[in-house]
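Given next are the chains, with one letter for each unit.
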Amino acid sequence: QVQLVESGGGLVQAGGSLRLSCAASGSIFKIIVMGWYRQARGKERELVAKITSGSITVYAESVKGRFTISGDNAKNTVTLQMNSLKPEDTAVYYCNAGRIDRDTYREYWGQGTQVTVSS
């Protein structure tokens, strides 16, 4: 019911920056949280950052001070500004959204976008 389209991934040198964007469409009413997860090769998926419709944010400790998440409730979009990138940030990044459908919480995922940071 909800489609998430990601953009902004790519290859960057260590210390550089990238900006990821995600736009939600479809049954977008009552989306209460959007965020970014990542999965590096050989590792489990982990939360990077998320933001609620009330603008409450949560960050992984490894990205605090370097990444900033922001959202636009009216446009149903979320962005992740990634600065001071490190090789260990290399992963596939996935957009995530959660919404309330009556009394049921439903989650949706984007297709993923590759971020590669070279030394």
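Since we're looking at a predicted model, the values are computed, not measured.

Caption draft 1: Molecular detail of the pattern of salt bridges. Per the counting criterion, the structure on display carries 5 salt bridges. Between Asp89 and Arg66 there is a salt bridge, with the nearest N and O atoms lying 2.8 Å from each other. Taken together, the residues Asp89 in the loop between β8 (77–82) and β9 (91–101) and Arg66 in the loop between β6 (57–59) and β7 (67–72) connect sequence positions 23 residues apart. Taken individually, Asp89 and Arg66 each receive the classification buried, so the pair is uniform in this respect. Across the salt bridge formed by Arg102 and Asp101, the nearest N and O atoms sit 3.7 Å from each other. Among the residues examined, Asp101 registers a relative accessible area of 17% and is labelled buried.

Caption draft 2: Molecular detail of the environment of Val78. Tracing the backbone shows Val78 in strand β8. The sequence separation of Val78 and Cys95 amounts to 17 residues, and the corresponding C-alpha distance is 8.6 Å. Beyond its immediate chain neighbours, meaning those up to four positions away, Val78 contacts Leu20, Ser21, Cys22, Met34, Trp36, Ile51, Ile69, Ser70, Gly71 and Cys95.

Caption draft 3: Summary view of the state of the cysteines. The full count for this structure, using the stated rule, is 1 disulfide. In this model Cys22 forms its disulfide with Cys95; the gap between the sulfur atoms is 2.0 Å. Here the S-S torsion is close to -90°, and the disulfide linking Cys22 with Cys95 is therefore left-handed. In this pair, Cys22 sits in strand β3 (residues 18–26) while Cys95 sits in strand β9, placing the two residues 73 residues apart along the sequence.

Criteria and thresholds
Residues numbered from 1 in each chain as written. Predicted model: local features only at pLDDT ≥ 70, side-chain atom pairs only at ≥ 80, totals over all residues. Heavy atoms only, no water. Salt bridge = Lys/Arg side-chain N within 4 Å of Asp/Glu carboxyl O. Helix = DSSP H or I, 4+ residues; strand = E, 2+ residues; numbered from the N terminus. Buried < 20%, exposed > 50% of the residue type's maximum accessible area, 1.4 Å probe, protein only. Contact = heavy atoms within 4.5 Å. Disulfide = S-S within 2.5 Å.

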